[in-house]
Amino acid sequence: MSRKNFGAKPYSSPQPVWILATYDENGMPNAMNAAWGGISEENQVSICLSPGHRTCKNFAKTGAFTVSMADADHVAACDYVGIVSGDKAADKFARAGFTATRSELVNAPIINELAVCMECRVIEYDKETCILKGEIVNVSVDEAALTDGKVDLAKVRPIAFDPFNNEYNLVGEVVGKAWGAGRALL
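These numbers were taken from a predicted model, which means no experiment stands behind them.

Thresholds applied
- Residues numbered from 1 in each chain as written.
- Predicted model: local features only at pLDDT ≥ 70, side-chain atom pairs only at ≥ 80, totals over all residues.
- Heavy atoms only, no water.
- Buried < 20%, exposed > 50% of the residue type's maximum accessible area, 1.4 Å probe, protein only.
- Helix = DSSP H or I, 4+ residues; strand = E, 2+ residues; numbered from the N terminus.
- Pairing = 2+ DSSP bridges.

**Observations regarding the pairing of strand β6 (residues 64-69)**
Reasoning step 1: Among the six residues in β6, five count as buried, and that is most of the element.
Reasoning step 2: Where strand β2 (residues 18-23) meets β6, four bridges bridge the pair, whose relative direction is antiparallel. Counted as the bridge partner of Trp18 is Met69 from β6.
Reasoning step 3: The pairing of β6 with strand β9 (residues 116-126) spans five bridges and is antiparallel. Bridging across to β9, Ser68 finds its partner in Cys117.

**Considering unusual backbone geometry**
For residues that are not glycine, phi is negative in most cases, and the peptide bond is trans in most cases.
Reasoning step 1: Between Ser13 and the following residue, Pro14, the backbone shows a cis peptide bond with an omega angle of 5°.
Reasoning step 2: If you trace the backbone, Pro14 turns up in the segment before β1 (15-16).
Reasoning step 3: At Cys130, a position not held by glycine, the phi torsion is positive, near 65°.
Reasoning step 4: With respect to the helices and strands, the residue Cys130 is situated in the loop between β9 and β10 (131-141).
Reasoning step 5: With a relative accessible area of 17%, Cys130 lands in the buried category.
Reasoning step 6: The backbone phi angle of Asp148 is positive, close to 55°, even though this residue is not glycine.
Reasoning step 7: With respect to the helices and strands, Asp148 occurs in the loop between β11 (146-147) and β12 (150-151).
Reasoning step 8: The exposure class of Asp148 is exposed, given its relative accessible area of 79%.

Right under this line is the structure:
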């Protein structure tokens, strides 16, 4: 078997495409695209964010942020908020076509157009390592994305970042049941 070495790169797939949203000091919503993050505890997210982002300045003041799953129906808007700085485009959130509802649990906006949202409190942010840790206070889901009371990924249409090819891929095809598919090997 032959393999090609790519060196030390952040190459793993799937990588979630998360849209972080915060309020600025004037209560204006801001959003950014972040692909380097994951669940690090049962009720905790960890995300790599360089300190220059407006989002970092915002959550330092509010102590809160939301994390929404990017989806195929809003791929252009989700990519846009990753391309444009909130420091350079004051209307970035609205220009993306996003609207917000204030979370009832944390001081951060829920992006109405994205179905799944984790509402988080800042646990800590380390500017040296660029790691943001947040406590997941609640996960809210648009009822239009539910089937029989459960989240239906076919309706959510989440996307993942492909770092190998700089592309977004649709997630959702079921290939087996967790804690079930492997039973055939017992």
